[in-house]
Amino acid sequence: MSVTSDLKKDHLFVRRLGVVIQTCSDKLYANEDIPLEDIEVASVIMEEFVDGFHHGKEEKAYFPVTKDKNSFSEDIRKFLIEHELGRRIAKMLRRELVLWRKSVREGKSKFDSKEPVARFLKSYAVFISDHTSKEDTFFDIVEDKKKVSVEEDEMIRKYEICKDHSGGEVRIEELLRLLEYLEHMPWMKDVD
């Protein structure tokens, strides 16, 4: 598998996460209960897989090789800005989850407002959909023009470093299992 195909494969996983978090958002807006723990799991996947592992591979290995090829630097600059947007949304979600967890510890029967959590989940789901679509189009162009084939070995080595920084193969597999866990939760049953 090429390094470009590997990133597109990651996008399939990321889009599955997008479905889960969009469902969480929709149900929270409909005043349905979603376990706080499940949203925390989704948040961990956002931070560790999407940002730490996937965006790490793009930022540390793929984009540095492609930015000077065929005028790709402007596209890459936009992707890096979008990555920062995703990080900020995830950080704001994490802040709201901490407040929710605090209210649970303090014995409040219900968190006063789940709306910020729903809003940041929805924002992240929109980010995922839009961003991965644009990157896939970019990756298709790079593949068609065979712009990274010479550097594949070097990028594969850097991908492995990103994997190690993300906890290694075991942690990546655990994050995949956590997504499957979320996809099989009762609150996900009526999702197409």
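Quick summary incoming for the structure in this document. Note that the structure is predicted; figures quoted are calculated from it, not measured. (Residues numbered from 1 in each chain as written. Predicted model: local features only at pLDDT ≥ 70, side-chain atom pairs only at ≥ 80, totals over all residues. Heavy atoms only, no water.)

1. Some thoughts on the nonpolar core
Then step 1. Leu-17, Ile-21, Ile-39, Ile-45, Phe-49, Leu-121 and Tyr-124 are the most contacted members of the largest nonpolar core, which has 37 residues in total.
Then step 2. The set of elements that each furnish at least two residues to this core consists of helix 1 (3-29), helix 2 (36-66), helix 3 (73-105), helix 4 (115-144) and helix 6 (168-183).
Then step 3. With nine residues, helix 2 is the single largest residue contributor to this core.
Then step 4. Residues Val-3, Phe-63, Phe-72 and Phe-139 belong to the second largest nonpolar core, which totals 14 residues. (Core = buried A, V, L, I, M, F, W, Y, C linked by side-chain atoms within 4.5 Å. Buried < 20%, exposed > 50% of the residue type's maximum accessible area, 1.4 Å probe, protein only. Helix = DSSP H or I, 4+ residues; strand = E, 2+ residues; numbered from the N terminus.)

2. Quick notes on the environment of Leu-176
Then step 1. Among the secondary structure elements, Leu-176 is positioned in helix 6.
Then step 2. Here Leu-176 falls in the partly exposed class, since its relative accessible area comes to 31%.
Then step 3. With 116 residues separating them along the chain, Leu-176 and Lys-60 place their C-alpha atoms 22 Å apart.

3. Quick notes on the packing of helix 2 against helix 3
Then step 1. Where helix 2 contacts helix 3, the two axes come as close as 10 Å, and the packing angle between them is 160°. In this view, helix 2 runs roughly antiparallel relative to helix 3, as classed from their interaxial angle. Here helix 2 and helix 3 pass one another in a crossing that is left-handed. (Axes fitted to C-alpha atoms, helices over the stretch in contact; angles between N-to-C directions. Parallel < 35°, antiparallel > 145°, perpendicular 65-115°, else oblique. Left-handed = near helix turned anticlockwise from the far one by under 90°.)

4. What about the side chain of His-83?
Then step 1. Note on placement: His-83 falls in helix 3.
Then step 2. Exposure remark for His-83: the relative accessible area of 0% places this residue in the buried category.
Then step 3. Side chain to side chain, His-83 and Glu-58 meet in a polar contact 2.8 Å long.
Then step 4. Ignoring any residue separated from it by four or fewer positions in sequence, one finds His-83 in contact with His-55, Glu-58, Glu-59, Phe-63, Phe-127, His-131 and Glu-135. (Polar contact = N/O pair within 3.5 Å; in protein donor to acceptor, adjacent residues only side chain to side chain. Contact = heavy atoms within 4.5 Å.)

5. A few points about the pattern of salt bridges
Side chains that carry opposite charge are capable of pairing whenever their charged atoms lie near each other.
Then step 1. Scanning the model with the defined rule gives 23 salt bridges in all.
Then step 2. Between Lys-102 and Glu-106 there is a salt bridge; the shortest N-O distance is 3.8 Å.
Then step 3. Among the residues examined, Lys-102 registers a relative accessible area of 41% and is labelled partly exposed.
Then step 4. By relative accessible area, Glu-106 is classed as partly exposed at 48%.
Then step 5. Salt bridges sharing common partners tie together Asp-51, Glu-59, Glu-84, Arg-87 and Arg-88. (Salt bridge = Lys/Arg side-chain N within 4 Å of Asp/Glu carboxyl O.)

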